[in-house]
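Reading the structure
One letter stands for each residue in the lines below.
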Amino acid sequence: MDHPKIVDVLVVGAGFSGLGAAIRLTQEGFNDLVVLERGSDVGGTWRDNSYPGAACDVPSHLYSFSFAPNPDWSRAFSPQGEIYDYIRRVTHDAGVREKIRFGVDVTAVEFEEDRGRWTVRTSEDVYDARVVVLGVGALCEPKRPDIDGIDDFDGPVFHTARWDHSVTLADKRVAVIGTGASAIQVVPSIAPQVSHLDVYQRTAPWVLPRMDRKYPEIERAAYRRIPGLQRAMRALQYASREFQVVGLTRTRAALAPIKALGRAHLAMQVRDRRLREKLTPTFEIGCKRILLSNTWYPTLARENVDVITEPISRVTKDGIVTSDGVEHPSDVLVVATGFHVTDSPFFDRVRGADGRTLADRWEDEGMEAYKGTTVAGYPNLFVLVGPATGLGHSSMIYMIESQLNYLLDAMRTMRDRELQTVEIRRAVQDAYNRELRDGIGDTVWVSGCRSWYLDAKGNAPAVWPDFTFAFRRETREFDLSAYTRTPAATARAGQEVGR
Ligand code: N01
């Protein structure tokens, strides 16, 4: 075997989180860094989710890096292509593209305790790294539904996050399974071209009006020219979103106006009583991500669209059979069934100091980390978009930037104190998570719905249960006293300090 490539920091993934890490680290002088990306371009989820209608449901000025504002967003909610272009431009402008190795699949990330370093195996080379930053994202591994017969379907079957652009939908009978954030963007976009569309709904989502608008040139010019204006707009968007946290985590009554808006939106857009009943949510608003669309309900009321609420029994080669025995013929099957979040296959590839994978650890003990970022038993590993960082109401980029502050301060601390490794103390991590769990019991996310925030045991380890500024505050500085550490000079002997 060839000698491993030695690198100080290895980042896995070139989506928002991995790129953010690469940019901030190189800006701070941590230049001995490589980013491994399995795809052929940057962009992560914004590269992969190219389905018709893909767009962001967080306002553009907020859904961007604070260090790379874009006055040229074309509208309040950016379409996927514009966000993808933004990520590519930011990568280029920051000069980090040359740090990225594309088409490299990371197959194993293993900590070697005697050396205090990580061995990272890939489809190409082996790397030997001091620090590993996981930027693989939470919504990156499509979850295909486990439905009897689905592999025997005669026509194309694809997930929204792996849209097959070679398939023509015009004049076809199409089935879409799922009614989450992806489905409600796809369905209105394809309904006008297909001959018939069946939408399989297991749970009716809460859908609110989408306050989207084009930004006229004069407004964009103002963002370019008036100092602080764009920042003020971002702050306004942030504050209006953050207000929801009161209802989501503390006072359910604060959700009442949002709920009333959702009910009114449905009543105004769907005249047919039977359809309206089907589309009326039966769970607490906010328990699943609140969806935004002005076109979802009118599309479901179209002549060529049926909403099917009978559970799916099986897929045949010609279509879908529901529990009432009816076979619904289809030419194309689109699965909009979400992602492996708490059970991402990538966790199987990461082995800590005791040889256990993150997948095993998190399956047995729950998906837990410290401040969403570091994990006991996995020294010098920084997980971006890790446990308890997920949001439904605001921008994940805000959470990522908070984690980057923590990462950067950890790197500076290790450099200044000449440390080889830092590892969160188990007791500190446990206490931190006990507090999180105590807080989550009162939140809306555990009020009885099914969502990607929850794990198989019904706990909600993926979601941040507080104001996002509270997370920003707790990740501002790296708290070295919570960590055991090994000094650089003695790492090879496995000596520890700070216990
Ligand atoms: O996935 P989901 P998504 N049989 O998990 C249904 C982000 N996002 O891709 O509700 C039948 O939300 C499932 O039914 P139920 C955003 O964070 C952001 O839509 O579990 N149905 C549900 O309806 C979002 O939260 C944007 O009963 C099955 C759907 O499939 C996250 O991605 C845009 C089924 C899955 O919904 C995921 O959204 C798009 C089965 N076997 C996505 N299995 C932005 O704008 C699952 N379902 C930023």
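All values derive from a computational prediction rather than experimental measurement.

Bringing helix H3 (residues 80–94) into the picture now. Structural remark: α-helix, 3.6 residues per turn; residues separated by three or four positions point the same way. Relative to the 21 Å expected for 15 residues at 1.5 Å per residue, H3 spans 21 Å between its end C-alpha atoms, a close match to the ideal helical length. On its buried face, H3 sits against helix H1 (16–27), helix H2 (45–48) and strand E3 (100–102). Gly 95 sits one or two residues past H3 and shows a positive phi near 70 degrees.

Right, let's get into the sheet that holds strand E16 (residues 332–335). With parallel pairing, the 5 strands of this open sheet are ordered in space as E7-E16-E8-E9-E12. Here the strands that pair on one side only, and so sit at the sheet edges, are strand E7 (157–159) and strand E12 (305–308). Direction aside, neighbouring strands of the sheet carry axes that sit 20 degrees apart on average. On top of the sheet, helix H4 (residues 183–190) reaches strand E8 (173–177) and strand E9 (196–200); it is set at about 165 degrees to E8, its chief contact.

Here the focus is the site of the ligand. Inspection of the region around the ligand gives 23 residues, with Asp 57, Ser 182, Thr 203, Lys 288 and Trp 452 positioned closest. Within the side chain of Lys 288, one N or O atom sits 2.6 Å away from an oxygen atom of the ligand. A distance of 3.5 Å separates an oxygen atom of the ligand from a polar atom in the backbone of Gly 338. When the free accessible area of the ligand is taken as 910 Å², the share hidden by the protein chains comes to 85%. When we break the shell around the ligand down by domain, the ones giving at least three residues each are domain 1 (5–141 + 340–493) and domain 2 (150–205 + 252–335).

Spatial strand order, E13-E14-E15: 3 strands in an open sheet with antiparallel pairing. If you trace the sheet from one side to the other, it starts and ends with strand E13 (312–315) and strand E15 (327–329), each paired once. Strand-to-strand twist across the sheet, computed as the mean angle between neighbouring axes with direction ignored, equals 25 degrees. Where strand E14 (residues 319–322) and E15 come together, 3 bridges link them in antiparallel fashion. If you follow Ile 320 over to E15, its bridge partner there is His 328.

As a further point, take a negative patch on the surface. A contiguous patch of negative charge, built from Asp 146, Asp 148, Asp 151 and Asp 152, is present on the exposed surface. Inspection of the secondary structure assignment puts Asp 152 in the loop between strand E6 (126–134) and E7.

Core analysis: the largest hydrophobic core is formed by 89 residues, its most contacted members being Phe 16, Leu 25 and Val 133. Among the elements that line this core, the one with the most residues is helix H12 (residues 396–416), at 12 residues.

This part is about unusual backbone geometry. Its identity is not glycine, yet Lys 371 carries a phi of approximately 50 degrees, on the positive side. By the secondary structure assignment, Lys 371 is in the loop between helix H11 (358–365) and strand E18 (381–383). With a phi angle near 55 degrees, Glu 418 is a residue other than glycine that sits in the positive phi range.

Now for the domain arrangement of the chain. Annotation of the chain at the domain level lists domain 1 (5–141 + 340–493) and domain 2 (150–205 + 252–335). Computed over C-alpha atoms only, the centres of domain 1 and domain 2 are separated by 32 Å. Each partner contributes to the interface: domain 1 provides 25 residues, whereas domain 2 provides 23 residues. Scanning the region where domain 1 abuts domain 2 turns up 2 salt bridges. Residue Arg 289 pairs with Asp 57 through a salt bridge whose shortest N-O separation is 2.5 Å.

Right, let's get into the packing of aromatic side chains. Applying the stated rule across the entire model yields 19 aromatic pairs. Measuring from centroid to centroid gives 5.2 Å for Phe 16 and Phe 65, while their planes differ by 75 degrees, and the two rings are edge-to-face. Pair noted here: Phe 16 is in helix H1 and Phe 65 is in the loop between H2 and H3, with a separation of 49 residues, a long-range link. Taken as a pair, Phe 16 and Phe 65 share a single burial class, namely buried. Between Tyr 370 and Tyr 432 the ring centres are 5.1 Å apart and the planes differ by 70 degrees, which places this aromatic pair in the edge-to-face class.

For any two helices packed against each other, the geometry comes down to the angle between their axes and how far apart the axes lie. Contact geometry for H1 and H3: axes closest at 10 Å, N-to-C directions at 20 degrees. It follows that H1 is roughly parallel to H3 by the angle criterion. Relative to H3, the crossing made by H1 is left-handed. Contact residues: Phe 16, Leu 19 and Ile 23 in H1; Ile 83, Tyr 86, Ile 87, Val 90, Thr 91 and Ala 94 in H3. Its residues assigned to classes, the contact of H1 with H3 shows 8 nonpolar, 1 polar and no charged.

Mapped onto the elements of the fold, Gly 43 is located in the loop between strand E2 (33–37) and H2. Gly 43 sits in the buried class, given a relative accessible area of 1%. For the pair Gly 43 and Asn 433, spaced 390 residues apart in sequence, the C-alpha to C-alpha distance is 31 Å. Those residues in contact with Gly 43 that lie beyond four places of it in its chain are Ala 14, Gly 15, Tyr 84 and Ile 87.

What counts, and where the lines are drawn
Residues numbered from 1 in each chain as written. Predicted model: local features only at pLDDT ≥ 70, side-chain atom pairs only at ≥ 80, totals over all residues. Heavy atoms only, no water. Helix = DSSP H or I, 4+ residues; strand = E, 2+ residues; numbered from the N terminus. Expected span 1.5 Å × (residues − 1). Contact = heavy atoms within 4.5 Å. Pairing = 2+ DSSP bridges. Axes fitted to C-alpha atoms, helices over the stretch in contact; angles between N-to-C directions. Near = heavy atom within 4 Å. Polar contact = N/O pair within 3.5 Å; in protein donor to acceptor, adjacent residues only side chain to side chain. Areas by Shrake-Rupley, 256 points an atom, 1.4 Å probe, with all protein chains shown as cover. Domains from an automatic or database assignment. Patch = residues over 30% accessible without salt bridge, like charges linked within 9 Å, V, L, I, M, F, W, Y side chains within 5 Å. Salt bridge = Lys/Arg side-chain N within 4 Å of Asp/Glu carboxyl O. Lys, Arg positive; Asp, Glu negative; His and termini not counted. Charge placed at Lys NZ, Arg CZ, Asp CG, Glu CD. Core = buried A, V, L, I, M, F, W, Y, C linked by side-chain atoms within 4.5 Å. Buried < 20%, exposed > 50% of the residue type's maximum accessible area, 1.4 Å probe, protein only. Phe/Tyr/Trp six-rings, centres within 6.5 Å; stacked < 30°, edge-to-face > 60°. Parallel < 35°, antiparallel > 145°, perpendicular 65-115°, else oblique. Left-handed = near helix turned anticlockwise from the far one by under 90°. Nonpolar A, V, L, I, M, F, W, Y, C, P; charged D, E, K, R; others polar.

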